[in-house]
Amino acid sequence: MSKKRILSGVQPTGNLHLGNYLGAIRNWVEGQSEYDNYFCVVDLHAITVPHNPATLAADTYAIAALYLACGIDLEHSTIFVQSHIPAHSELTWLLNCITPLNWLTDMIQFKEKAVKQGENVGTGLLDYPVLMAADILLYDADKVPVGEDQKQHLELTRDIAVRFNHLFGRGETVLKLPEPLIRREGARVMSLTDGTNKMSKSDPSELSRINLLDPPETITKKIKRCKTDPVRGLTFDDPERPECHNLLTLYMLLSGKTKEEVAVECQDLGWGQFKPLLTETVISALTPIQEKYKAVRNEEGYLESVLRDGREKAGAIAEETLAKVKSALGYSKPL
Ligand code: AMP
Ligand code: TRP
């Protein structure tokens with residue numbers, strides 16, 4: 001039996017942080033040998049908010065290199081850039097025409113991001129989830145590993161696929177329904193400066209997140225300054241202590257210890273003892289990633305060849321699905 005297929009992606013907007021790593025990429029890496037994997041850098045999504053044309057290409061390459069640095073293995077996985085495969089844009093248009101507008105105006109992420117942009121909110125931001133649905137449906141993905149914040153977009157993707165199949169499938173499944181793959185632990189890593197807000201690339205404060213490429217001095221500084229509370233003794237799951245829960249969770253995930261082990265180890269610690277422990281753990285988890293990143297970037301032409309192969313392999317699958325969709329919609333074949 002052939003392996004089930006996975007598809008996921010990250011936007012090239014700024015640096016990847018521990019939330020992206022623990023919520024998404026680390027899970028891609030861990031399960032990869034069981035699946036046939038496709039990981040894209042979603043650079044078309046990156047322009048749904050104001051972006052910098054001078055850095056878009058470099059940021060896109062940096063994310064692709066980070067995928068490799070985090071352990072994505074080309075034996076099991078294909079890495080590609082979304083904008084290199086025109087089928088993503090084309091399927092988005094076709095799906096737009098069968099997606100009710102109110103499905104999009106109801107999306108939480110749209111509402112949150114639209115508020116931040118005020119009057120200048122672009123149509124692309126509203127349409128963002130349809131592009132994401134196209135990313136997933138083009139590859140007949142069985143599972144989509146993402147953080148908790150993407151759950152609603154996955155539900156929308158399924159709704160769009162159901163609607164398309166119902167309207168145009170003539171009893172056949174043209175678009176396969178994907179399942180979300182969301183881990184409980186790490187699915188929502190919180191900001192270092194406010195344990196009730198998620199760690200995010202768009203937070204104006206650099207101190208709120210640890211980036212995967214932060215040097216040890218920066219990591220040390222950020223953890224030193226992170227928000228804590230005046231209570232001695234550290235515990236998980238206390239709703240009054242969101243920062244404490246978040247920092248213990250980071251320690252647990254990056255040290256590889258179990259929740260019980262961490263709970264026992266930290267129950268009598270003060271912040272002055274715990275912070276250096278966490279700092280050391282974060283640095284030792286990120287050092288190998290940073291070294292691999294440098295190696296990938298230093299090998300002339302390597303990343304380009306990975307992305308060229310990725311485009312070829314992913315592009316062939318995407319074209320096939322797009323042709324099926326167009327045929328179901330009644331389009332003639334190009335002459
Ligand atoms: P983005 O940074 O929005 O491109 O997100 C890329 C991936 O990282 C998605 O799967 C998100 O769900 C995940 N992600 C982003 N922020 C966090 C966070 N704070 N905690 C856990 N996962 C996250
Ligand atoms: N919307 C996702 C995010 O911000 C990124 C994304 C775009 C994605 N297309 C995707 C994730 C397809 C999974 C599958 O995190």
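Residues numbered from 1 in each chain as written. Chains lettered and ligands numbered in written order. Predicted model: local features only at pLDDT ≥ 70, side-chain atom pairs only at ≥ 80, totals over all residues. Heavy atoms only, no water.

With that settled, the discussion passes to the site of ligand 1. Around ligand 1 sit 18 residues, and of these N20, G147, D149, V189 and M199 come closest. Between ligand 1 and G19 there is a distance of 3.1 Å, counted from a nitrogen atom to a backbone nitrogen or oxygen. V189 has a polar backbone atom sitting 2.8 Å from a nitrogen atom of ligand 1. If ligand 1 stood free it would expose 480 Å²; the protein chains cover 93% of that surface. The element that contributes the greatest number of residues to the shell around ligand 1 is helix α1 (residues 18-31), accounting for 4 residues. Within the shell around ligand 1, the residues separate by chemical class into 6 nonpolar, 8 polar and 4 charged. (Near = heavy atom within 4 Å. Polar contact = N/O pair within 3.5 Å; in protein donor to acceptor, adjacent residues only side chain to side chain. Areas by Shrake-Rupley, 256 points an atom, 1.4 Å probe, with all protein chains shown as cover. Helix = DSSP H or I, 4+ residues; strand = E, 2+ residues; numbered from the N terminus. Nonpolar A, V, L, I, M, F, W, Y, C, P; charged D, E, K, R; others polar.)

Turning our eyes to something else, we now look at the environment of H76. Position of H76 among the secondary structure elements: in the loop between α2 (53-69) and β3 (77-81). Sequence separation of H76 and G31 is 45 residues, and the distance between their C-alpha atoms is 10.0 Å. Beyond its immediate chain neighbours, meaning those up to four positions away, H76 contacts K3, Q32, S33, Y35, D36 and N37. (Contact = heavy atoms within 4.5 Å.)

What the rule picks out here adds up to 13 salt bridges. Ionic pairing is found between R183 and E30, a salt bridge with its closest N-O pair at 3.3 Å. You can see R183 sitting in the loop between β5 (179-181) and α8 (216-225) and its partner E30 sitting in helix α1, a full 153 residues away along the chain. Of the residues examined, R183 reaches a relative accessible area of 37% and is grouped as partly exposed. K257 is paired through a salt bridge with E265; the nearest N and O atoms lie 3.0 Å apart. Taking relative accessible area as the criterion, K257 reaches 30% and is therefore assigned partly exposed. Overall, the relative accessible area of 31% leaves E265 in the partly exposed class. (Salt bridge = Lys/Arg side-chain N within 4 Å of Asp/Glu carboxyl O. Buried < 20%, exposed > 50% of the residue type's maximum accessible area, 1.4 Å probe, protein only.)

Moving on: the site of ligand 2. The environment of ligand 2 is formed by 13 residues, the closest being Q11, Y128, M132, D135 and Q150. A distance of 2.7 Å separates a nitrogen atom of ligand 2 from a polar side-chain atom of D135. Protein burial of ligand 2: of its 360 Å² of free accessible surface, 91% is covered by the chains. Here the shell around ligand 2 gets 4 residues from one element, more than from any other, and that element is helix α6 (residues 123-137).

To continue, consider the state of the cysteines. Under the counting rule described, the total for this entry stands at 0 disulfides. Cysteine C70 is unpaired, with the sulfur of C40 as its nearest cysteine sulfur at 16 Å. In this structure C244 is a free cysteine whose sulfur lies 8.4 Å from that of C266, the closest cysteine sulfur available. (Disulfide = S-S within 2.5 Å.)

A few words on the packing of aromatic side chains. Here the structure, examined in full by the defined rule, presents 7 aromatic pairs. With a centroid separation of 4.3 Å and 5° between ring planes, the pair formed by W28 and F39 is classed as stacked. Here W28 is found in helix α1, whereas its partner F39 is found in strand β2 (residues 36-41), with 11 residues between them in sequence. Each member of the pair, W28 together with F39, is buried. Judged by centre distance (5.1 Å) and plane angle (75°), the ring pair of W28 and Y67 falls under edge-to-face. Of this pair, W28 sits in helix α1 while Y67 is found in helix α2, placing the two residues 39 residues apart along the sequence. When sorted by exposure, W28 lands in the same class as Y67, which is buried. Connected via pairs of aromatic rings, a cluster forms that spans W28, F39 and Y67. Lying over the aromatic face of W103, R163 brings its terminal NZ or CZ to 5.6 Å of the ring centre. Positioned over the ring face of F236 is K259, at 5.1 Å from the centre of the ring. (Phe/Tyr/Trp six-rings, centres within 6.5 Å; stacked < 30°, edge-to-face > 60°. Lys NZ or Arg CZ within 6 Å of the ring centre and 35° of its normal.)

Two faces, one strand: in a regular strand the side chains alternate between the faces of the sheet. Of all 6 residues in strand β1 (residues 5-10), 5 are buried; the element is thus mostly enclosed. Inspection of the sheet shows β1 paired to β2 by 6 bridges, in the parallel sense. From the neighbouring strand, V10 faces β2, where its bridge partner is V41. In this view, the connection linking β1 to its parallel neighbour β2 by way of α1 has right-handed handedness. (Pairing = 2+ DSSP bridges. Right-handed = clockwise from strand over helix to strand, strands pointing away.)

Read these as geometric descriptors, not functional statements.
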